[in-house]
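These are the residues of each chain, in order.
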Amino acid sequence: MVEENSVRLDVTVSKIDDDSRMFTMKRVRTITHMSLPEQHINISDWKKFSHLKGIPIKDIDHEKPSLLIGQDNIHLILARQIRTGPENLPVASKCKLGWAVHGPSPNNGENSFKAHTLHICEKETTDEELQKMVEKSYLTETFGTLIAADQPSRESSRALELMRNTLKYTGENYEIGLLWKTDNIQLPESKFMALQRLKCVERKCRLNEKFGKEYCKKIMKYEEEGYIKKLTLEDEKIDNPHLWYLPHFAVENSNKPNKIRLVFDAAAKSRGMSLNDVLLSGPDLLQLLVAILWKFRQRRFGFCGDIREMFHRVGIQERDRCAQRFLWRKLESDRPPDIYEMLVMTFGATCSPVCAQFVKNSNAEEFSTNPDTLLAIIKKFYVDDYLDSKDTEEEALETIIEVCKVQKVAGFEVVNWMKNSQLIRDKLSDDMLLAATKNIDDTSLHRILGLWWDPRIDEFSFRLTSENLMAEQPTKRKVLQALMSVYDPLGLIFTFTVRGKIPMQDIWRVGID
């Protein structure tokens, strides 16, 4: 029984991912007034209204609702965009669950309007968004031929100035400030949003006990490592225009089972604004991926390693830490959550990558006494991955030792070393080596910047999915998925993958949706 003037929103959801907050909507019905009969509005009715063109409205006839969204989740259906037309015509609004069309509806083609209905449509990647994603994927084939801008933008110049002015060496590691777009940032309230996201994480942890234990262990490890600090009641009361609460979630890597990575969602919005909206991404300080891979293949003895928890080895200056608060209560949902601050850079903040590279390069320029070591650190790191090659094992070993020595000054620990030389393995301590590569006879493949490398025979390999696209009616998405599953930035097997790209072009040219 529905009370008069009440609203019930019933939604069938095909997938809900609490971590990424992605919702794939399938069908919806609503009851908005007890005294009015429920009506189904045909898609053709909406096509009459020019202000609704381009909105992905789909028919929901013969569908059953299966999920009730209550007022406690009102943030899911708050309008972020609105399209209106003349008076007495339906209005479209976009919320976190997709597009909605609501308002008066025509009665069987007549001019009178008798009922109010609501229809939330399927939220999916549009052809325009998919087109941009495909274009971006083809940038890996430019092989560094794109011409870079001669002059840095105003935002890049500001980011560089902020990094130079806030960089500070503490004697063990570096601290740096967040890269604010302007000096007078005023952030809205965000604690409520962070609390709702915390409840989502807690539900997932309760459903998956193993995941929940790993999540708690991760937070505890952060506290032991000094990455986070629990605030006192006095600290909590400090007011600051940069105050922000970060939602957090964990991601799992299929290549690293039983391990999770904690991500602080700086893209999460509260009242239409996110932390990333007011932070600069800075200039691109990354080396070209293709150039690093070619240098790795250039000489006889190849070796690679990565910096352990690189972002967390860089501290954030004290006055900016209030923008990195988060909530946690050890899954004890019957009490108010404690408030913590991240003292270091986070995964998820748009300025973290450029700040990490700036710290790494500045440290190398300050403490490298060997020009080759300086070149190796600045030119042969891709984010936290280091790839290099030398003509002799002695040169390789010397370079590894020097790079580790300089990086350690900044608090960076280069570990998980892989190489195609048993001599080098024997000289390095076990805690520096990737466990699976301590024996030169090991035949397993290892991931290097998205590629599979076999150090035993020093070769790149490719793993292809064996799914048969013709087993069922293929779609544009399935063909694209199969094609893009092959990652080949060097074009080593382009003569093979081009056979898939030609029909993909034909599919796009025909305009199949």
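As a reminder, the structure under discussion sits directly above these lines.
The shown structure was predicted, so the numbers you read here are calculated from the model rather than taken from an experiment. (Residues numbered from 1 in each chain as written. Predicted model: local features only at pLDDT ≥ 70, side-chain atom pairs only at ≥ 80, totals over all residues. Heavy atoms only, no water.)

Student: Lay out the overall build of the protein chain with the relevant residues and their values.
Tutor: Counting secondary structure elements, the protein chain contains 13 helices and 23 strands. Considering only residue pairs separated by 6 or more positions, the protein chain has 66% of its internal contacts joining residues 24 or more positions apart. In the structure as shown, the protein chain presents an accessible area of about 28,800 Å², 51% of it carried by carbon and sulfur atoms. (Helix = DSSP H or I, 4+ residues; strand = E, 2+ residues; numbered from the N terminus. Contact = heavy atoms within 4.5 Å. Areas by Shrake-Rupley, 256 points an atom, 1.4 Å probe, with all protein chains shown as cover.)

Student: Which residues make up the sheet that holds strand S8 (residues 174–176), and what values do they have?
Tutor: Pairing within the open sheet is mixed, and its 3 strands lie in the order S7-S8-S15. The sheet is open, and its two edges are formed by strand S7 (168–169) and strand S15 (314–316), each paired on a single side. Bridging between S7 and S8 involves 2 bridges; their strand directions are antiparallel. Across the sheet, Tyr-169 pairs through a bridge with Tyr-174, a residue of S8. Packing of helix H8 (residues 352–367) onto the sheet brings it into contact with S7, S8 and S15, and relative to S8 it is tilted by some 135°. (Pairing = 2+ DSSP bridges. Axes fitted to C-alpha atoms, helices over the stretch in contact; angles between N-to-C directions.)

Student: Report on a negative patch on the surface, specifying residues and quantitative values.
Tutor: Together, Asp-372, Glu-394, Glu-395 and Glu-398 give the surface a local cluster of negative charge. Looking at which element gives the most residues to the negative patch, the answer is helix H10 (residues 393–409), with 3 residues. Here Glu-394 is to be found in helix H10. On the basis of relative accessible area, Glu-394 is assigned to the exposed category, the value being 54%. (Patch = residues over 30% accessible without salt bridge, like charges linked within 9 Å, V, L, I, M, F, W, Y side chains within 5 Å. Salt bridge = Lys/Arg side-chain N within 4 Å of Asp/Glu carboxyl O. Lys, Arg positive; Asp, Glu negative; His and termini not counted. Charge placed at Lys NZ, Arg CZ, Asp CG, Glu CD. Buried < 20%, exposed > 50% of the residue type's maximum accessible area, 1.4 Å probe, protein only.)

Student: Please give an account of the packing of helix H4 (residues 191–207) against helix H5 (residues 209–225) that cites residues and values.
Tutor: Look at H4 against H5: their axes get within 5 Å of each other, and the N-to-C directions meet at 125°. Relative to H5, H4 is oriented oblique. Residues Val-201, Lys-204, Cys-205, Arg-206 and Leu-207 of H4 form the contact with H5, whose participating residues are Glu-209, Phe-211, Gly-212 and Tyr-215. Across the contact of H4 with H5, the residue classes break down as 5 nonpolar, 1 polar and 3 charged. (Parallel < 35°, antiparallel > 145°, perpendicular 65-115°, else oblique. Nonpolar A, V, L, I, M, F, W, Y, C, P; charged D, E, K, R; others polar.)

Student: Describe the packing of H8 against H10, naming the residues involved and giving the relevant values.
Tutor: Between H8 and H10, the shortest axis-to-axis distance is 9 Å and the interhelical angle comes to 110°. One way to sum up the angle between H8 and H10 is to call them roughly perpendicular. Residues Lys-360, Asn-363, Ala-364 and Phe-367 of H8 lie in contact with H10, whose contacting residues are Val-406, Gln-407 and Val-409. The residue inventory of the contact of H8 with H10, partitioned by class, reads 4 nonpolar, 2 polar and 1 charged.

Student: Tell me what's going on with the packing of aromatic side chains, and back it up with residues and numbers.
Tutor: In total, this model carries 14 aromatic pairs according to the counting rule given. Ring plane angle 90° and centroid distance 5.9 Å describe the contact between Tyr-386 and Trp-417, whose orientation is recorded as edge-to-face. Placement of Tyr-386 in strand S19 (residues 385–390) and of Trp-417 in strand S20 (residues 414–419) is noted, with a sequence separation of 31 residues between them. In this pair, the class of Tyr-386 matches that of Trp-417, namely buried. What links up through ring pairs into an aromatic cluster is the set Phe-303, Phe-381, Tyr-386 and Trp-417. If you follow Lys-204 out to its NZ or CZ, it ends over the ring of Phe-211, 4.8 Å from the centre. Lying over the aromatic face of Trp-508, Lys-476 brings its terminal NZ or CZ to 3.9 Å of the ring centre. (Phe/Tyr/Trp six-rings, centres within 6.5 Å; stacked < 30°, edge-to-face > 60°. Lys NZ or Arg CZ within 6 Å of the ring centre and 35° of its normal.)

Student: A description of the sheet that holds strand S22 (residues 451–454) should follow, citing residues and the corresponding values.
Tutor: Note: strands within a sheet are paired through backbone hydrogen bonds, in either parallel or antiparallel orientation. Read across the sheet, 3 strands follow the order S21-S22-S23 without closing on themselves; strand pairing throughout is antiparallel. Of all strands in the sheet, those bounded by a partner on one side alone are strand S21 (446–448) and strand S23 (459–461). Along the sheet, successive strands turn relative to each other by an average axial angle of 45°, direction set aside. Bridging between S22 and S23 involves 3 bridges; their strand directions are antiparallel. Paired with Trp-452 across the strands is Ser-461, a residue of S23.

Student: So what's going on with the nonpolar core? Which residues, and what values?
Tutor: Leu-179, Trp-180, Tyr-215 and Leu-275 are the most contacted members of the largest nonpolar core, which totals 79 residues. Here Trp-180 is in contact with Arg-158, Leu-162, Ile-185, Leu-187, His-242, Leu-275, Val-278, Leu-279, Leu-280, Asp-320 and Ala-323, once residues within four sequence places are set aside. Residues Ile-292, Met-418, Leu-449 and Trp-453 belong to the second largest nonpolar core, which totals 14 residues. (Core = buried A, V, L, I, M, F, W, Y, C linked by side-chain atoms within 4.5 Å.)

Student: Can you lay out the environment of Cys-355 for me, pointing to particular residues and giving the numbers?
Tutor: You can see Cys-355 is positioned in helix H8. Its relative accessible area of 1% is what places Cys-355 among the buried residues. Between the C-alpha atom of Cys-355 and that of Gly-282, which follows or precedes it by 73 residues, the distance is 8.3 Å. Those residues in contact with Cys-355 that lie beyond four places of it in its chain are Met-163, Ile-176, Gly-177, Leu-179 and Met-345.

Student: Got a sec to walk through the pairing of S19? Specific residues and values, please.
Tutor: Most of S19 sits out of view: 5 of its 6 residues are buried. As paired elements, strand S14 (residues 301–307) and S19 share 6 bridges and run antiparallel to each other. When the sheet's bridge partners are listed, Gly-302 is paired in S19 with Ser-389. Examined bridge by bridge, strand S18 (residues 381–382) and S19 share 2 bridges and lie antiparallel to one another.

Purely geometric numbers; function is a separate question.
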